[in-house]
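# Report on the structure
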Amino acid sequence: MQTSLFPSSSVEKISPLVKWAGGKRNLLKVYKKLFPKRFNNYHEPFLGSGAVFFFLKPQKAVLIDKNEELINFYEVVRDHPLELMELISTYKVDKDFYYRIRELEPKNLSKIERAARFLYLNKTAYNGLWRVNSKGKFNVPFGRYKKVKFFDRENLLKASKLLKNAVLLCSDFEEVVKYAQKGDFVYLDPPYYPLSETANFRNYTSEGFSKEDHLRVYKVFKTLTEKGCFVMLSNSNSPFIRELFKDFVITEVFANRFINSKADGRKPIIELVIRNYE
Ligand SMILES: C[S@@+](CC[C@H](N)C(=O)[O-])C[C@H]1O[C@@H](n2cnc3c(N)ncnc32)[C@H](O)[C@@H]1O
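Below you will find a few notes about this structure. This one's a predicted model, so the numbers in the text were calculated from it and none came from an experiment.

### Brief notes about the overall build of the protein chain
Helix and strand content of the protein chain: ten helices and nine strands. Out of the 278 residues belonging to the protein chain, those deemed buried represent 35%.

### Quick notes on the pairing of strand β7 (residues 230-236)
Counted residue by residue, β7 has six buried out of seven residues, so it is predominantly covered. As defined by bridge partners, strand β6 (residues 185-188) adjoins β7 across four bridges and the pair is classed as parallel. Pairing of Tyr-187 across the sheet is with Met-232, part of β7. Pairing geometry for β7 and strand β9 (residues 268-275), over five bridges, is antiparallel. For Met-232, the partnering residue across the bridge sits in β9 and is Arg-275.

### Here's the deal with the packing of helix α3 (residues 68-79) against helix α6 (residues 111-124)
At a minimum axis separation of 9 Å, α3 and α6 run at an interaxial angle of 115°. Classified by the angle their axes make, α3 and α6 are roughly perpendicular. When you trace α3 past α6, the crossing you get is left-handed. For the pair α3 and α6, the contacting residues are Glu-69, Asn-72, Phe-73, Glu-75 and Val-76 in the first and Lys-111, Ile-112, Arg-114, Ala-115, Phe-118 and Leu-119 in the second. For the contact of α3 with α6, the per-class residue count stands at six nonpolar, one polar and four charged.

### Points about the nonpolar core
Soluble globular proteins tend to pack their nonpolar side chains together in the buried interior. Core analysis: the largest hydrophobic core is formed by 62 residues, its most contacted members being Phe-53, Phe-73, Val-77, Ala-159, Val-186, Leu-188 and Val-231. At the level of secondary structure, the elements contributing two or more residues to this core comprise α2 (51-56), β4 (61-65), α3, α6, α7 (153-163), β6, α9 (211-227) and β7. When residues of this core are assigned to domains, at least three map to each of domain 1 (3-66 + 171-275) and domain 2 (71-153). Contacts of Val-231, omitting those with residues within four sequence positions, involve Val-186, Leu-188, Phe-221, Leu-224, Thr-225, Arg-275 and Asn-276.

### Details of the environment of Phe-230
Mapped onto the secondary structure, Phe-230 falls in strand β7. C-beta crowding within 10 Å serves as the criterion here: with 23 such atoms nearby, Phe-230 is assigned to the buried category. Separated by 195 residues in the primary sequence, Phe-230 and Phe-35 place their C-alpha atoms 8.9 Å from one another. The contacts of Phe-230, once residues within four sequence positions are left out, are Pro-36, Phe-39, Phe-185, Asn-276 and Tyr-277.

About the cut-offs
Residues numbered from 1 in each chain as written. Predicted model: local features only at pLDDT ≥ 70, side-chain atom pairs only at ≥ 80, totals over all residues. Helix = DSSP H or I, 4+ residues; strand = E, 2+ residues; numbered from the N terminus. Buried ≥ 20, exposed ≤ 12 C-beta atoms within 10 Å, placed from the backbone. Pairing = 2+ DSSP bridges. Axes fitted to C-alpha atoms, helices over the stretch in contact; angles between N-to-C directions. Parallel < 35°, antiparallel > 145°, perpendicular 65-115°, else oblique. Left-handed = near helix turned anticlockwise from the far one by under 90°. Contact = placed C-beta atoms within 7 Å. Nonpolar A, V, L, I, M, F, W, Y, C, P; charged D, E, K, R; others polar. Core = buried A, V, L, I, M, F, W, Y, C linked by C-beta atoms within 7 Å. Domains from an automatic or database assignment.

Here's what the structure looks like:
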């Protein structure tokens, strides 16, 4: 069955369940005009908060991310939403409790406890950032929030239902090539190529994301194009990315985020959307 973009994306709104660096929630209004109007299956190999997936609400999807905690979380939302909501509702928002949860070794927990830990840290850590060190250990300090809403019940249940149509994989984005077929839509949102040495956040996983990884993204983009998929990629407005993708359709979009929080530097920034279709 084909997913057609309208009107399905406008009914029954589902919001992302987690805050995520580089999340595309604020760009959906602009992106809406850039998605293909119709497609078969949907693939999102850099899932993060899944802003685009939850917006499109596809009939069938393959969702990939290298972050094990994130993928386990979505599996639990799909398979055990009630147990997850029940458990996290017992968690307290204070500094001691935060560091106790942070210190837990995810591999020693049950799937549901692990998902609750992930959601808890996502909502109570400073800036809602998921950042790990080179050993893969979550290292964000307590966010000093007084009150935190861990979930919206209706929304989480709708997300759970939608995820039942999805294959979830914790793996490298290149896996997408095995699943995507002619007529499918693939949205690629890798950690952005840095505009300067220190500019961009890339520590979603312990490995980071290198220039070679961006060259692999390009190879995947080409392979999917040859297969007859609709492919859309988000990345920074950098000369390297522009040159690499010069044979494709490049659209500049104004991102609703700011370069820095200092008043004098608050300028919206241009990002690129690159597609293999008009
Ligand atoms: C820019 S974020 C995606 C944001 C997402 N579009 C959203 O709206 O929240 C990039 C994601 O890529 C994931 N990632 C990093 N390296 C990866 C790899 N080699 N393969 C698959 N996913 C990877 C990160 O864990 C992160 O969730």
